[in-house]
Amino acid sequence: MIADISSLELAGGVSMPSIGLGTWPMRGYEAAAAVLSALDVGYRRIDTAENYENEDAVGKALAQSRLHRDEIFVTTKFNKQWHSTQGVRQALENSLDRLGLEYVDLFLIHWPNPQQNTYVEAFTELGKLVDEGKIRAAGVSNFKPYQLQNVLDSGLVPALNQIQVDPERQSVDWQGFNTEHGVRTESYSPLGRKKSGLLSHPALVRIAQAHGKSSAQVTLRWHVQSGRAAAPKSADQRRQSENLDIFDFQLTQAEMAAINAMDTGAGPFTDSDEFGH
Ligand SMILES: NC(=O)c1ccc[n+]([C@@H]2O[C@H](COP(=O)([O-])OP(=O)(O)OC[C@H]3O[C@@H](n4cnc5c(N)ncnc54)[C@H](OP(=O)(O)O)[C@@H]3O)[C@@H](O)[C@H]2O)c1
C-alpha cells in the first residue's frame, strides 16, 4: 500500500498540502488565471509573496474559486523593510489587505538580510502573531544553518524553512540542520527552474519510464517522499495537473538513492548572505 503523503505536518500541528502552486514570476491576469486553474485541478496550497507583486491577483482568484477559506492553505512572505516588531504587524496587514483574507496559513521572512541583522526580532514578532491566531504558522526562507541557529537561540522554532532544492542542488547540510531542529524543509525551484537538462537527466528519465511518469513527476515525488514540501510553478493547466499527480506511485529505496546521488554540491543560485529583499 502507498502511504498518503499528500499532506504533511508542521511543528505546532498545522497540516499543509505537500504540493503547492508556486506563483513567481506571474502577475496580474496571468497569476489569477494560473491560481484559478490550479484550484480547479485540485491544488489546495498557493505560494505567494509581497515581493512577487501578485498577492492581489492571488486574492482575486481565491475569491472567485468559491472554495471555503479553510480549504485553502496560503503562504506569503514579507520583505526586509518590515524586519522589526511593528514592521512585521504592518507587513501582515498589508498582505491580508492585498489578498483579501483575514489570516494567512504560513507567513515567512523571505530573506534573512544579515546586513540588517534584525531577522530574530522579526521572527519573535511572528511567534506572537501565531499566539494571537493572526497567522497559523510562522517560518523563514533562504535561512542558512547559522541564521536559523540565531533564531533557535531566541527559544523559537520556525515551522518551515523554504530553500532552493532540486536533484542537482540539494543543500544537504541546510536540510539536515532543518530536520535536526524540527524545522520542515520546503523546496523552491523544485524542478530546477527549467534549468536546461535537469528534467532530461538520464537517471530521472530511466526512473520515470519505469513508473510510466514524467521526469517532473519523479522529481516532485522525490521531494515529497523525502519529507519536503514543494512549490512547483506552472502557468499551464496540463503541467499543473501533472505536478499534482504524484501520489499514486512510490520510488524504491534504490531510486531515491539514485536521485540523491545526482547532487552536484552546488548551492542555491543566490547567496542569502549577499542577496535579499
Ligand atoms: N523563497 C524564495 O526565495 C523563492 C525563490 C524562488 C522561487 N520561489 C517559489 O518557488 C516557486 C517555484 O520556483 P521556480 O518557478 O523558480 O522554479 P520551478 O518550479 O522549479 O520551475 C518552473 C518552471 O518549470 C516549468 N514547469 C513546471 N512544471 C513542469 C513540468 N511538469 N514539466 C516541464 N516543465 C515544467 C514551468 O513552466 P510553465 O509555467 O510553462 O509550466 C516554469 O518554467 C516559485 O513560483 C515561487 O513561488 C521562492
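Residues numbered from 1 in each chain as written. Predicted model: local features only at pLDDT ≥ 70, side-chain atom pairs only at ≥ 80, totals over all residues.

S.K.: Please explain helix α1 (residues 28-40) as it appears in this structure.
M.R.: Turn by turn, an α-helix covers 3.6 residues, leaving residues three or four places apart pointing in a common direction. In this model, α1 (13 residues) spans 18 Å end to end at C-alpha, consistent with the 18 Å of a helix rising 1.5 Å per residue. Within the span of α1, buried status applies to A31, A32, A34, V35, A38 and L39. The arc enclosing the buried residues of α1, seen along the axis, measures out at 165°, which places them on a common side. For α1, exposure combined with an orientation more than 90 degrees from the buried face picks out Y29 and D40. Along its buried surface, α1 packs onto β3 (21-22), β4 (45-47), α2 (55-65) and α9 (237-244). Positive backbone phi, approximately 115°, marks G42, located one or two places after α1. (Helix = DSSP H or I, 4+ residues; strand = E, 2+ residues; numbered from the N terminus. Expected span 1.5 Å × (residues − 1). Buried ≥ 20, exposed ≤ 12 C-beta atoms within 10 Å, placed from the backbone. Arc of directions from axis to C-beta. Contact = placed C-beta atoms within 7 Å.)

S.K.: Whenever I open this one, the site of the ligand confuses me. Can you help?
M.R.: The full set close to the ligand counts 27 residues, and G22, L191, A216, K233 and S234 are the nearest of them. The element that contributes the greatest number of residues to the shell around the ligand is α9, accounting for three residues. Along the lines of polarity and charge, the residues of the shell around the ligand split into nine nonpolar, eleven polar and seven charged. (Near = placed C-beta within 6 Å. Nonpolar A, V, L, I, M, F, W, Y, C, P; charged D, E, K, R; others polar.)

S.K.: Before we go on, may I ask you to explain the packing of helix α3 (residues 85-99) against helix α4 (residues 119-131) in this structure?
M.R.: At a closest axis distance of 8 Å, the pairing of α3 and α4 adopts a crossing angle of 55°. On the basis of their axis angle, the class for α3 and α4 is oblique. Here α3 runs over α4; the crossing is right-handed. Where α3 approaches α4, its residues T85, V88, R89 and L92 are matched on the opposing element by E121, A122, E125, L126 and L129. A class-by-class count of the residues in the contact of α3 with α4 yields five nonpolar, one polar and three charged. (Axes fitted to C-alpha atoms, helices over the stretch in contact; angles between N-to-C directions. Parallel < 35°, antiparallel > 145°, perpendicular 65-115°, else oblique. Left-handed = near helix turned anticlockwise from the far one by under 90°.)

S.K.: I'm lost on unusual backbone geometry in this one. Help?
M.R.: What you tend to see is this: most non-glycine residues have negative phi, and most peptide bonds are trans. For the bond from W24 to P25, the omega torsion is 5°, close enough to zero to count as cis. In this model, N113 sits at a positive phi of 45°, which is unusual for a non-glycine residue. Within the fold, N113 resides in the loop between β6 (104-109) and α4. The exposure class assigned to N113 is buried, which follows from the 22 C-beta atoms found within 10 Å. We note that S171 has phi near 40°; this positive angle belongs to a residue other than glycine. Structurally, S171 can be placed in the loop between β8 (160-164) and α6 (172-180).

Any functional reading would require information that these geometric values do not contain.
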